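One letter stands for each residue in the lines below.
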Amino acid sequence: MMRCGSVSTGVEEEFEKLVIGMNPPRVTVDNGSDMEATLVKVDSANKFGSLLEVVQILTDLKLTIKRAYISSDGEWFMDVFHVVDQEGDKLTDSEVIERIEQSLGEKSVGLNPLSIGIETTTDQQTSIELLGRDRPGLLSEIFAVLSDLKCNIVGSEVWTHNSRMAALVYITDESTGEPISDPDRLDKIKQLLRYVLKGNQDKKSAKTSVSNKQMHAGRRLHQIMYTDRDYNKEEEEEGPSECRDRPFITVEKCEEKGYILVNLRCRDRPKLLFDTVCTLTDMRYVVFHGTVIAEGSEAYQEYYIRHLDKSPISSEGERERLVLCLEAAIQRRNTDGLRLELCCEDRPGLLSDVTRIFRENGLSVAHAEVSTVGSEAMNVFYVVDASGDPVHGQIIEAVRSEIGEQILQVRYKEGDSKDRTSFGNMIRSRSEKFLYNLGLIKSYS
């Protein structure tokens with residue numbers, strides 16, 4: 001018997017493609033309206049996931065979104081993003097501007113959004129997904145197994161949150177430099193990695209999978225950890241630093257227009273907007289209106305959202321779950337440890353050796369970003385001690401001495417802080433004025 005639901009979904013998808021084809025996205029890059037940032041204005045036919053696609057592309061282009069004004073009521077999507085480059089300047093590179101216009105504009109129609117981003121994997125390597133209980137030395141063991149199996153690690157991203165670890169590792173055959181496709185060899189890789197992940201404490205939830213499909217690293221890691229329910233906290237008391245850095249999130253019903261109002265305030269960092277929008281999308285929420293301001297050490301985000309099926313929040317438990325999931329989205333990209341940058345000529349076993357030295361000196365990797373550009377390894381590690389506390393300087397110097405002081409550099413964070421109150425009032429007044437002009441609230445005074 002034919003399924004009516006699947007036919008309906010197929011018709012809706014084809015109609016959506018037709019509408020977008022008849023109304024291709026319009027992108028304007030404006031350097032004249034703001035003294036300190038470049039405005040990227042995007043107008044297009046609306047579809048579920050449009051906001052995430054735009055934010056993903058701007059984030060992958062290494063742009064910082066200082067402000068954003070989002071509106072997607074009805075069938076049309078109208079967003080304005082105030083962006084700067086990595087140095088905090090307006091965009092002047094014509095190649096970057098052209099890439100924004102091509103990636104977001106008319107030429108992007110019909111492209112798979114996962115194939116646009118810079119962080120997307122390619123078919124020139126094999127991708128391994130890992131999920132398990134985090135513990136000191138785990139990453140060292142994983143890289144050692146891959147090295148023993150003659151796998152060359154060309155890239156990786158590792159996240160840890162709530163005692164869980166998720167990782168994407170991209171490998172090639174050490175001798176040929178080609179993706180690994182032999183089923184027996186892949187089965188052996190999965191089996192040994194699963195054995196490492198299980199250890200003595202994670203007999204049930206350790207998972208490994210292998211794929212040659214393209215995927216966006218950040219989006220996939222969010223999906224892995226969200227599916228694993230990492231937002232459900234273990235019964236442990238939070239330390240003083242965790243309480244201090246915990247995001248402030250509220251979720252309220254907005255009865256007048258049938259929205260769910262989400263307010264979020266936390267320490268600003270790169271890719272924050274991508275992480276929150278990604279999680280809202282994974283949870284099947286649609287952002288109808290929003291205001292984002294991130295012009296100091298803190299970020300403020302306000303969203304008017306609904307379920308994809310337009311149903312309201314059904315219970316207090318659902319509201320609490322939304323708060324926990326957004327909190328997890330912010331904290332997964334854990335960069336609270338000491339940042340170590342490793343830049344040197346790549347070679348087989350490099351990561352196995354480096355992470356072994358970390359482990360032997362009592363360092364635990366909280367977050368890692370591994371990449372290979374040509375023959376150069378460019379790796380970033382955020383490390384803490386085995387208890388999750390800051391690392392002593394003597395230990396870092398010993399590690400640098402063993403690995404090489406010229407190739408392993410320490411990067412310290414700026415410790416300045418800004419006042420919360422004035423910025424919080426600013427986002428409220430600007431957001432309410434924006435919504436008042438759209439006719440969504442009666443007064444913003």
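Scroll up to find the structure.
Described in the following lines is the structure provided in the data block. Note that the coordinates shown come from a computational prediction; the quantities given were computed from them, not determined experimentally.

Conventions adopted
Residues numbered from 1 in each chain as written. Predicted model: local features only at pLDDT ≥ 70, side-chain atom pairs only at ≥ 80, totals over all residues. Heavy atoms only, no water. Buried < 20%, exposed > 50% of the residue type's maximum accessible area, 1.4 Å probe, protein only. Helix = DSSP H or I, 4+ residues; strand = E, 2+ residues; numbered from the N terminus. Arc of directions from axis to C-beta. Contact = heavy atoms within 4.5 Å. Polar contact = N/O pair within 3.5 Å; in protein donor to acceptor, adjacent residues only side chain to side chain. Pairing = 2+ DSSP bridges. Axes fitted to C-alpha atoms, helices over the stretch in contact; angles between N-to-C directions. Parallel < 35°, antiparallel > 145°, perpendicular 65-115°, else oblique. Left-handed = near helix turned anticlockwise from the far one by under 90°. Nonpolar A, V, L, I, M, F, W, Y, C, P; charged D, E, K, R; others polar. 1 Å grid on protein atoms, 1.4 Å probe; cavity = no way out; pocket = protein on both sides within 12 Å on 5 of 7 lines; lining within 4 Å. Points joined across faces, edges and corners; volume = space filled by probe spheres on them. Salt bridge = Lys/Arg side-chain N within 4 Å of Asp/Glu carboxyl O. Core = buried A, V, L, I, M, F, W, Y, C linked by side-chain atoms within 4.5 Å.

1. Observations regarding helix α3 (residues 94-104)
For an α-helix the count is 3.6 residues per turn, leaving residues at separations of three or four pointing the same way.
Working step 1: Within α3, burial applies to Ile 97, Ile 100, Ser 103 and Leu 104. Seen along its axis, α3 keeps its buried residues to an arc of 135°; they face one direction. Counted as exposed and oriented over 90 degrees from the buried face of α3: Ser 94 and Glu 95.
Working step 2: Buried residues along α3 sit against β1 (26-30), β2 (38-45) and α2 (50-60).
Working step 3: Put simply, Asp 93 is the residue that caps the front of α3, since its side-chain oxygen is 2.9 Å from the backbone nitrogen of Glu 95.

2. Details of the sheet that holds strand β12 (residues 298-307)
Working step 1: In spatial order, the strands read β1-β2-β4-β3-β11-β12-β10-β9; together these 8 strands make up an open sheet with antiparallel pairing. Each edge of the open sheet is held by one strand with a lone partner, namely β1 and β9 (248-254). In this sheet, neighbouring strand axes are inclined to one another by 20° on average, regardless of whether the strands run parallel or antiparallel.
Working step 2: Pairing analysis gives 7 bridges linking strand β3 (residues 64-71) to strand β4 (residues 76-84), with the strands arranged antiparallel. Bridge pairing in β4 places Ser 71 opposite Met 78.
Working step 3: The strands touched by α3 within the sheet are β1 and β2, with β1 carrying the most contacts at an inclination of about 160°.
Working step 4: Running at roughly 20° to β12, helix α8 (residues 272-282) makes contact with β3, β10 (259-267), β11 (285-293) and β12 of the sheet.

3. What to know about the packing of helix α6 (residues 217-227) against α8
Working step 1: Between α6 and α8, the least distance of the axes is 10 Å, while the angle of their chain directions is 55°. Overall, the two elements α6 and α8 adopt an arrangement that is oblique. The handedness of the crossing between α6 and α8 is right-handed. Only Phe 274, Asp 275, Cys 278, Thr 279 and Asp 282 of α8 make contact with α6, whose side of the interface consists of Gly 218, Arg 219, His 222, Gln 223 and Tyr 226.
Working step 2: Among the residues making up the contact of α6 with α8, the classes are represented as 3 nonpolar, 4 polar and 3 charged.

4. A short note on the environment of Leu 264
Working step 1: You can see Leu 264 is positioned in strand β10.
Working step 2: The exposure class of Leu 264 is buried, given its relative accessible area of 3%.
Working step 3: Taking the C-alpha atoms as reference points, Leu 264 and Ile 249, separated by 15 residues in sequence, lie 4.5 Å from one another.
Working step 4: Once residues within four sequence positions are removed from consideration, Leu 264 is found in contact with Phe 248, Ile 249, Thr 276, Ala 299, Tyr 300, Gln 301 and Ile 330.

5. Digging into empty space enclosed by the protein
Working step 1: Going through the model one piece at a time under the given rule, you end up with 6 cavities of 30 Å³ or more.
Working step 2: The space that makes up the largest cavity amounts to roughly 120 Å³.
Working step 3: Taken together, 18 residues make up the lining of the largest cavity; nearest its centre are Asn 152, Ile 153, Arg 347, Leu 350 and Leu 351.
Working step 4: Looking at the lining of the largest cavity, the elements with two or more residues in it are α4 (138-148), β6 (151-161), α10 (350-360), β14 (363-373) and β15 (376-385).
Working step 5: In this structure, the second largest cavity spans a volume of roughly 100 Å³.
Working step 6: If you trace the second largest cavity, you find 15 residues lining it, with Gly 137, Leu 138, Leu 139, Ser 364 and Val 365 closest to the centre.
Working step 7: Looking at the lining of the second largest cavity, the elements with two or more residues in it are α4, β6, α10 and β14.

6. Topic: the environment of Cys 325
Working step 1: Here Cys 325 is to be found in helix α9 (residues 316-332).
Working step 2: On the basis of relative accessibility, which here comes to 0%, the residue Cys 325 falls in the buried class.
Working step 3: Separated by 99 residues in the primary sequence, Cys 325 and Tyr 226 place their C-alpha atoms 7.7 Å from one another.
Working step 4: Setting aside its immediate chain neighbours within four residues, Cys 325 contacts Tyr 226, Tyr 231, Thr 279 and Met 283.

7. Thoughts on unusual backbone geometry
Working step 1: A positive phi angle is found at Lys 150, which is not glycine, with a value near 60°.
Working step 2: Summarising the element assignment, Lys 150 is placed in the loop between α4 and β6.
Working step 3: Among the residues examined, Lys 150 registers a relative accessible area of 49% and is labelled partly exposed.
Working step 4: Residue Lys 310 is not a glycine yet carries a positive backbone phi of 70°.
Working step 5: Within the element layout of this structure, Lys 310 appears in the loop between β12 and α9.
Working step 6: Look at Lys 310 and you get exposed, because its relative accessible area is 60%.

8. Quick word on the side chain of Asp 230
Working step 1: For Asp 230, the location among the structural elements is in the loop between α6 and α7 (240-245).
Working step 2: The exposure class of Asp 230 is buried, given its relative accessible area of 1%.
Working step 3: Aside from chain neighbours lying at most four places away, what touches Asp 230 is His 161, Asn 162, Met 225, Ala 328 and Arg 332.

9. Digging into the pattern of salt bridges
Working step 1: With the rule as written, the count across this model stands at 20 salt bridges.
Working step 2: Between Arg 319 and Glu 316 there is a salt bridge, and its shortest N-O distance comes to 2.7 Å. With a gap of 3 residues between them, Arg 319 and Glu 316 both fall in helix α9, about one helical turn apart.
Working step 3: Using a relative accessible area of 45% as the deciding quantity, one classes Glu 316 as partly exposed.
Working step 4: Here the salt bridges share partners, and the residues they tie into one network are Glu 157, Arg 269, Asp 275 and Arg 333.

10. Digging into the nonpolar core
In globular proteins that are soluble, nonpolar side chains generally tend to be buried together.
Working step 1: Judged by nonpolar contacts, the single largest core of 51 residues is most densely connected at Leu 58, Phe 81, Ile 100, Leu 104, Tyr 303, Ile 305 and Leu 322.
Working step 2: Those residues in contact with Leu 322 that sit more than four places away from it in its chain are Val 251, Val 262, Leu 280, Met 283, Tyr 285 and Ile 305.
Working step 3: By size, the runner-up hydrophobic cluster in this structure holds 45 residues, among which are Ile 128, Cys 151, Val 169 and Ala 368.

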